[in-house]
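Results of the structural survey
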Amino acid sequence: MDLKEIQELIKMVDESGLTEFELKQEDYKIVLKKEKLQPMFQPALQPIQSFMPGAAAGKEAVTPEHLSSKTEALQTINAPIVGTFYLAPSPGEKPFVSAGSKVKKGDTLCIVEAMKLMNEIEAEEDLQILSILVNDGQMVEFGQPLFEINTK
């Protein structure tokens, strides 16, 4: 690995949500660590439309009767890194979550593949998935909303 490749690796890790990255080869080992993880939860700033009847094609949605009356708890879970979004552990397997799923803290929500590393995105608290905002296999950007959730 030359200096330019190492600099590109540092830049990619720096721009991602990763806090630690380790690369081992036969003759060397690179370990990169960051101090802070970017927040994954952000409050929704405007009414969410994708769970209404007639939601956009390719997006799972929950109908209004699945929602509690406490919509002020509505938030999104955003991509912590740039990569490819996967809803299931491998092709053909059952998705980790779907619209309407109730999830416990620590449950896996999805996988974001970055640089051939499979990063499991876990729930930071008990929540309900209201809608899935990206398609399986789609590239996602850092901070891009992946799920609309309700935490109450």
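Residues numbered from 1 in each chain as written. Predicted model: local features only at pLDDT ≥ 70, side-chain atom pairs only at ≥ 80, totals over all residues. Heavy atoms only, no water.

So, about a negative patch on the surface. On the surface, Asp-107, Glu-120, Glu-122, Glu-124, Glu-125 and Asp-126 cluster together into a negatively charged patch. Mapped onto the secondary structure, Asp-107 falls in the loop between strand 6 (102-103) and strand 7 (108-114). We classify Asp-107 as partly exposed; its relative accessible area is 34%. (Patch = residues over 30% accessible without salt bridge, like charges linked within 9 Å, V, L, I, M, F, W, Y side chains within 5 Å. Areas by Shrake-Rupley, 256 points an atom, 1.4 Å probe, with all protein chains shown as cover. Salt bridge = Lys/Arg side-chain N within 4 Å of Asp/Glu carboxyl O. Lys, Arg positive; Asp, Glu negative; His and termini not counted. Charge placed at Lys NZ, Arg CZ, Asp CG, Glu CD. Helix = DSSP H or I, 4+ residues; strand = E, 2+ residues; numbered from the N terminus. Buried < 20%, exposed > 50% of the residue type's maximum accessible area, 1.4 Å probe, protein only.)

So, about the sheet that holds strand 8 (residues 117-122). On the basis of which strands lie adjacent, the open sheet formed by four strands has the order 8-7-5-10 and antiparallel pairing. Only two strands of the sheet have a single partner each, and these edge strands are strand 8 and strand 10 (139-140). Here strand 5 (residues 83-86) runs beside strand 7; their pairing, made up of three bridges, is antiparallel. In the sheet register, Thr-84 faces strand 7, and the bridge partner there is Glu-113. (Pairing = 2+ DSSP bridges.)

All right, on to the environment of Glu-93 then. One can find Glu-93 in the loop between strand 5 and strand 6. At 2.5 Å, the side chain of Glu-93 forms a polar contact with the side chain of Ser-90. (Polar contact = N/O pair within 3.5 Å; in protein donor to acceptor, adjacent residues only side chain to side chain.)

What follows concerns the pattern of salt bridges. Across all of its chains, the model carries two salt bridges by this definition. Glu-22 serves as the salt-bridge partner of Lys-24, at 3.4 Å between the closest nitrogen and oxygen. Under the relative-accessibility criterion, Lys-24 is labelled exposed at 55%. For Glu-22, a relative accessible area of 37% gives the class partly exposed. Across the salt bridge formed by Glu-22 and Lys-29, the nearest N and O atoms sit 3.9 Å from each other. By relative accessible area, Lys-29 is classed as exposed at 52%.

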